[in-house]
Amino acid sequence: MLATLPSLHPGLRSSVVMDLAFTEYGDAAKPPVVIVHGLYGSGKNWATIAKGLAETAHVFTLDLRNHGDSPWDDSMDYRDMAADVRAFMAAHGVLGEALVVGHSMGGKTAMTLALTEPAAVRRLVSVDMPPARLSAQTVGYARIMLDIDLAGCARRADVDRALAERVPEQMVRLFLLQSLESTGGSGFRWKLNLQAILDQWPQIADFPVTDRTYDGPVLFLSGATSDYVRPEHEAEIRRLFPAARLQTVPDAGHWVHAEQPQAVIAALAAEVAAL
């Protein structure tokens, strides 16, 4: 579904946005939290975190365009994805009021929104993602998934075996398989626009906004064993986000929220308390 976005900030370029799918947790009387997942993910990846926050917050977990149950589009530019999130927040009455949390690609989306329209975001958390171009080769997963003959797979285990030929890490496969959906009978499909991910990889890897600042409170929450947020990124983090705080979660890699959910819940609960 498409929606027209009124009063769009000049930094956000799209005038037509995607109507994002979402799941809602908690009471609308509580402070709002908007959570945006990473590449190949969906809002359901954050269900444990959302449930852990639901006693003290009104939590929305979104599916970004080309992911989960949200519409597909050729563009994966962060300005367009930030416009989607802004439209969602406006439609649900939390624009300018919410803690916005983004992981990985979602972190870049959230940072883009904060930088291009600072008044839209009350507080920001970027989970294991700096405002930088990264050379991570996760785009390769899209090609691997496209190459699997889903018509020849009768069970999820068959898809897992096909993935394992090129993705030996079980945790990565389990993550990717969360986007596998049964079409009824023995059929399957990916709930991802894999071709758009391949075509738009230069935009996904990039970070588009370097000429603005967001002066609100920002937490960069990173996995201690991850190499996404590195010491050389700190100067740029502090240039774009003068009020940034950096925190690491022990015994966690890039998927911080899956590896150390209680630590992430505690960190986000402290941000909610400050809203």
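Residues numbered from 1 in each chain as written. Predicted model: local features only at pLDDT ≥ 70, side-chain atom pairs only at ≥ 80, totals over all residues. Heavy atoms only, no water.

> Could you give an account of the sheet that holds strand β6 (residues 99–103), naming the residues involved and the relevant values?
Spatial strand order, β3-β5-β4-β6-β7-β10-β11: seven strands in an open sheet with mixed pairing. At either end of the open sheet lies a strand with only one pairing partner, and these are β3 (22–25) and β11 (244–249). On average, adjacent strands in this sheet sit at an angle of 15° to one another, irrespective of strand direction. Looking at chain direction, β3 and strand β5 (residues 58–62) are connected through four bridges and run antiparallel. Bridging across to β5, Y25 finds its partner in V59. Along the sheet, helix α3 (residues 105–116) contacts β4 (32–36), β6, β7 (123–127) and β10 (218–223); its crossing angle with β6, the most-contacted strand, is approximately 140°. (Pairing = 2+ DSSP bridges. Helix = DSSP H or I, 4+ residues; strand = E, 2+ residues; numbered from the N terminus. Axes fitted to C-alpha atoms, helices over the stretch in contact; angles between N-to-C directions. Contact = heavy atoms within 4.5 Å.)

> Explain the pairing of β4 to me, using residue names and the numbers behind them.
Counted residue by residue, β4 has five buried out of five residues, so it is predominantly covered. Across five bridges, β4 lies against β5 in parallel orientation. Among the inter-strand pairings, P32 is bridged to a residue of β5, identified as H58. Once the chain exits β4 it traverses helix α1 (residues 47–53) before rejoining the sheet at β5, and the crossover so formed is right-handed. (Buried < 20%, exposed > 50% of the residue type's maximum accessible area, 1.4 Å probe, protein only. Right-handed = clockwise from strand over helix to strand, strands pointing away.)

> Run through the pattern of salt bridges, naming residues and quoting values.
Under the counting rule described, the total for this entry stands at 20 salt bridges. Between E181 and R189 there is a salt bridge, with its nearest N and O atoms 2.8 Å apart. With relative accessibility at 26%, the residue E181 sits in the partly exposed group. Taking the shortest distance from any N to any O, the salt bridge between E232 and R230 comes out at 2.8 Å. Given the relative accessible area of 33%, R230 is considered partly exposed. In the salt-bridge network here, residues are joined through shared partners; they are D69, E181, R189 and K191. (Salt bridge = Lys/Arg side-chain N within 4 Å of Asp/Glu carboxyl O.)

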